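Observations on the three-dimensional arrangement
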Number of protein chains: 2
Amino acid sequence: MAPQENKPSSLVADWSTLHRVFIRPEDESSRKTLVKYMEQILFGLHDFLNKHVGVTEEISLVKLAEEYTDTKINKDPKKKLADVIKDIIDEIAPRAVNVASPYFIGHMTSAIPFFMVHLKAITAALNQNVIKLETSKVLSVLEKQILAKMHRMIFDFKNEFYLEHVQNTETCLGIFTTGGTTANLTALWVARNKCFPPKDDFESIEKNGYFEAMKAYNLEKTVILVSKRGHFSLRKALGILGLGNQNIIPIDVDSNRSIDLIKLEEKTKELQADKKTKILAIIGIAGATETGIIDPLPELADICETHGIHFHVDAAWGGPVLLSDKYSHLLKGIERADSVTIDCHKQFYMPMSSGMVYFKNPKALDQIVYHARYVNRPGSVDLGIKTLEGSREANSLILDSALKIMGSKGYSLMIEHGIETAMQFAKMIKERDLFQLVTTPQLNILTYRVVPKDIQEKLKTADRKERQKLDTVLDDINIQIQRIQREAGKSFVSRTRLKTSSDDDHNTVVLRSVIMNPMTNVDILDEILDEQESIFNDLETQQMIKKT
Amino acid sequence: MAPQENKPSSLVADWSTLHRVFIRPEDESSRKTLVKYMEQILFGLHDFLNKHVGVTEEISLVKLAEEYTDTKINKDPKKKLADVIKDIIDEIAPRAVNVASPYFIGHMTSAIPFFMVHLKAITAALNQNVIKLETSKVLSVLEKQILAKMHRMIFDFKNEFYLEHVQNTETCLGIFTTGGTTANLTALWVARNKCFPPKDDFESIEKNGYFEAMKAYNLEKTVILVSKRGHFSLRKALGILGLGNQNIIPIDVDSNRSIDLIKLEEKTKELQADKKTKILAIIGIAGATETGIIDPLPELADICETHGIHFHVDAAWGGPVLLSDKYSHLLKGIERADSVTIDCHKQFYMPMSSGMVYFKNPKALDQIVYHARYVNRPGSVDLGIKTLEGSREANSLILDSALKIMGSKGYSLMIEHGIETAMQFAKMIKERDLFQLVTTPQLNILTYRVVPKDIQEKLKTADRKERQKLDTVLDDINIQIQRIQREAGKSFVSRTRLKTSSDDDHNTVVLRSVIMNPMTNVDILDEILDEQESIFNDLETQQMIKKT
């Protein structure tokens, strides 16, 4: 047994402190202290974040890094919980990024409803591990229920189907993952294994490996097709799965900025004719990371059906739009997918890190079954049998609770606000002389760029070569504006590269805005554009902009 | 813009409710309410868990499942936050598993220090996404620091090394993952890519795929070698990576229950001689999931060095033992590994789901670099460039804070308590007539089984065939005992299958105990054994045990 020391100092690790730390104090005054800490977390952080309209303190990365170079672990306790919390509020929070600010409109991370912090605290306090029934019990059952609810939201099968599968231990309608990346990876992992059924000595890719599969089927390569707006996790998934990330075939987008169906159809036929190539999947995007654009899902479903190809929809961003009566029609066709990715920490407004992937066929996940002797035995309810992850927290409880608290209507209000505010933003951008709207929002994401008046004039008559030269100048201007605005710390938009017109081969820099914070309104958006104008004017005054 | 409704009912989702939910109430009384909720979470759950000594309510899975079959998402809000919390305390918690109970000694999940709930609440409130600097800033810098601290704990390079790398944006000492499974997967992913450097037209597995790699190197398969006690995530990793999970070569354990070095050496030589096979890695286990046993790491390092093979140590369980001056010697040799897995949600006592993987070579993770246009651009500090995951919460802040609060000494006390209590438990098992100790604890895990006296007698003189017959009877007894004890809900040990002696080919059922809760003591362990004896006696009385 460990020694039963009883040193009084609270900064010494001893046995009695440890016991207190685990048992938790039972007397009234200690309880009050612990609750006070939680109050500081809820409101100390909150007040700080609210007081500072901006997104982060102005400090250079180099200077910041200098303070984090000690690499020795302290032997004795260094700080009390109270001081750790105080430090986080006073030192960490100001130098973190206030993603909850309505001026933070650059990434798919935003304010989350305050109750999410309560729900996360509950999952931590329960500390269930949903890999197996023996460490989760009712949470495994609850998880299966919420998976069925989401499956129904996507595929909308008959009630009998859900009664049969909701608590069926032999089938699995979907799984929770840690985000869109692992959700997409899981979908392609399942599709990969399904693609190559047993043949002669070859049993499965999972068992025999990809080299054996290619030999058994006399093939040279396996590809997936997705528009150029496909998320980089798809490339990563192909790399991990051993298929080689060069085998992602990027299809151009058309004038709607969604996948060019004619080119897709052509490429599909061409690849089908090539006897050495297998098409693993065609991917439809429902809310592209960079533009928010949704691919024409019914037409993609048709192509997949015609050619017998796995149809995966990456709705990591757009999935929750299904909850809006007003806009769910934008995702029409998703119900014909074989698999669908949806993120929880995006438009379900849950804390990091939570995603999901769903399969139309309740037996699809049998492709990736793993058992172990000490858990996850065959026939058990253990959810870990069919997940990429091993140990896993009960994020399902958060989604379930959030839906109870807000209803689908609560979510719709947020989603509709985002889409409609983005439309207004697009209008505002078009009305300003200095700006050019590059992609019109279909959902709540849009891109634009700063184009000074003299360059606008030149662009009107420029030929392709001249245009490219002008675009390079514009790239430089927009990179500078984005960087200066970010570093000033008051507001934040992100940037990426896109073609401004479809016959360009130059990807130009655009500013990217994601409107998902219900507190973001037109006044704030006006301020953000004002700031960008003012940064541009300063740059011009300082002659920091190279003239063409 | 969304409609500015103002319905008063709190169970209607309207715009003003949404605003309240996001802004959080500013007046004193609403703040008090929110803090009260957190108090309920901290102590309502806590009191429940403390009052109920046992691990779960007695209820059949079928009955439980019946209550979770509604698969329609509610349109309007259904419950207030207060009621959701109340339901979780009253309805969910009793039917979840009280992993914090000192009577729960069956899995690698346990009580966590109460302050972990505070820290998890902080990460949720900040909601940083450490995939990129733009959504995390100081947290990315802090993460690099804690990664360097852990790397130093494992590899113990000179101070200059850490000064060079701690905040170096070109190198990476390790990454946070969501657990041991993704840590092991990442290690093997890196090893896989490293194994096949560019050759002629072949650039990399990541780009060209595994089939091209095999062709370029004129090989047929790629294998890893690990003892039979290797975690099932290794098999899964080979499946995912396209190498085929049949290519995990299981090596027998010797009488110490660790990898048989002679057999490993033989197998290594045999495979090295086979020109069609490439050995990807040899894996040393530092704390086997089933037995807690540590492989002879220095000898494994020698073999890997001699043959030029990647040496991975799966220290998901045992890693934190490095913090104990008294027992860190058990992990000697780990500093010679190429990569090391350590879990945070195991013996770092953090909430689900958090793990880590470290690489000796600070450039090793370059094997899995991914960029995107809108984030993670080349040369940036963005941590997501070299991780399996995309979006990721700042678990690093929890580990950093916990080490500040407890120091390495606080962790050592817990680790030493576990090891020493397990040793006492082993002694207690040996002293009881009804029990047989199967694996002696090297760390804080042991296995044993119930062997009735008459069978013990028969086993003494039984030949191999008779022994196997008797073992089958014992399997049945032990499965029943484990199941009945689990379902009764007072205490919990798990079960698995192991060979009881090395020349058996039958894997017999054993009871498995993991001692990691500082509140678990010899009195509690005595009660658990008493209960098992009493279950056995009842079974015998009811003649439920088939006689040989």
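As the structure is a prediction and not an experimental result, all values here were calculated from the model.

Moving on, we get to the relation of the copies chain A and chain B. With an axial shift of 0.0 Å and an RMSD of 0.0 Å, the rotation relating chain A to chain B amounts to 180°. Look at the turn and shift together and you get a two-fold axis relating the two.

Now for the sheet that holds strand β11 (residues 508-514) of chain A. Residues and elements named next belong to chain A. Overall, antiparallel pairing links the four strands, which are arranged β8-β9-β11-β10 in an open sheet. Bordering the open sheet on either side are β8 (435-439) and β10 (494-498), each of which pairs with just one other strand. Averaged over all adjacent pairs, the angle separating strand axes in this sheet is 40°, with direction ignored. The pairing of β10 with β11 spans five bridges and is classified as antiparallel.

It is common to give the size of an interface as the accessible area that goes away when the parts come together. If you look at the interface, chain A gives 150 residues, while chain B gives 151 residues. A per-element tally of the side of chain A that touches chain B places helix α14 (residues 395-431) of chain A first, with 15 residues. Its residues assigned to classes, the side of chain A that touches chain B shows 74 nonpolar, 44 polar and 32 charged.

This paragraph deals with the domain arrangement of chain A. All names here are of chain A. Taken domain by domain, chain A consists of domain 1 (175-369) and domain 2 (408-541). Taking only C-alpha atoms into account, the centre of domain 1 sits 30 Å from that of domain 2. With 18 residues of domain 1 at the contact, the number on the domain 2 side is 18 residues. Here the residues of the side of domain 1 that touches domain 2 are counted per class, giving seven nonpolar, seven polar and four charged.

Turning next to the packing of helix α8 (residues 180-195) of chain A against helix α11 (residues 232-240) of chain A. Helix packing for two helices is described by the angle between their axes and how far apart those axes are. Residue and element names in this part refer to chain A. Between α8 and α11, the shortest axis-to-axis distance is 9 Å and the interhelical angle comes to 50°. When the axes of α8 and α11 are compared, the pair comes out oblique. Classified by chirality, the crossing of α11 by α8 is right-handed. Each of Gly180, Thr181, Asn184, Leu185 and Leu188 in α8 lies in contact with α11, whose residues at this interface are Ser233, Leu234, Lys236, Ala237 and Ile240. Residue composition of the contact of α8 with α11, by class: five nonpolar, four polar and one charged.

Residue and element names in this part refer to chain B. Ordered in space as β1-β7-β6-β5-β4-β2-β3, the seven strands form an open sheet in which the pairing is mixed. In this open sheet, the two strands that pair with only one neighbour each are β1 (174-177) and β3 (248-251). Strand-to-strand, the axes of this sheet are offset by a mean angle of 20°, without reference to chain direction. Pairing between β1 and strand β7 (residues 355-359): four bridges, direction antiparallel. Within the sheet, the bridge partner assigned to Thr177 lies in β7 and is Gly355.

As a further point, take the pairing of strand β4 (residues 277-285) of chain A. Residue and element names in this part refer to chain A. With eight of nine residues buried, β4 is to be regarded as a mostly interior element. As defined by bridge partners, strand β2 (residues 221-227) adjoins β4 across five bridges and the pair is classed as parallel. In the sheet register, Val223 faces β4, and the bridge partner there is Ile279. By the bridge criterion, five bridges tie β4 to strand β5 (residues 310-314) in an arrangement that is parallel. Paired with Ala281 across the bridge in β5 is His310.

This brings us to the packing of helix α5 (residues 115-126) of chain A against α14 of chain A. All names here are of chain A. At a minimum axis distance of 10 Å, the contact between α5 and α14 shows a crossing angle of 145°. Note that α5 runs across α14; the crossing there is right-handed. Contact residues: α5 offers Phe115, Met116, Leu119, Lys120, Ile122 and Thr123, while α14 offers Leu397, Ile398, Ser401, Ala402 and Ile405. When grouped by side-chain class, the residues that make up the contact of α5 with α14 number eight nonpolar, two polar and one charged.

Procedures and definitions
Residues numbered from 1 in each chain as written. Chains lettered and ligands numbered in written order. Predicted model: local features only at pLDDT ≥ 70, side-chain atom pairs only at ≥ 80, totals over all residues. Least-squares fit on C-alpha atoms with pLDDT ≥ 70 in both. Pairing = 2+ DSSP bridges. Helix = DSSP H or I, 4+ residues; strand = E, 2+ residues; numbered from the N terminus. Axes fitted to C-alpha atoms, helices over the stretch in contact; angles between N-to-C directions. Contact = placed C-beta atoms within 7 Å. Nonpolar A, V, L, I, M, F, W, Y, C, P; charged D, E, K, R; others polar. Domains from an automatic or database assignment. Parallel < 35°, antiparallel > 145°, perpendicular 65-115°, else oblique. Left-handed = near helix turned anticlockwise from the far one by under 90°. Buried ≥ 20, exposed ≤ 12 C-beta atoms within 10 Å, placed from the backbone.

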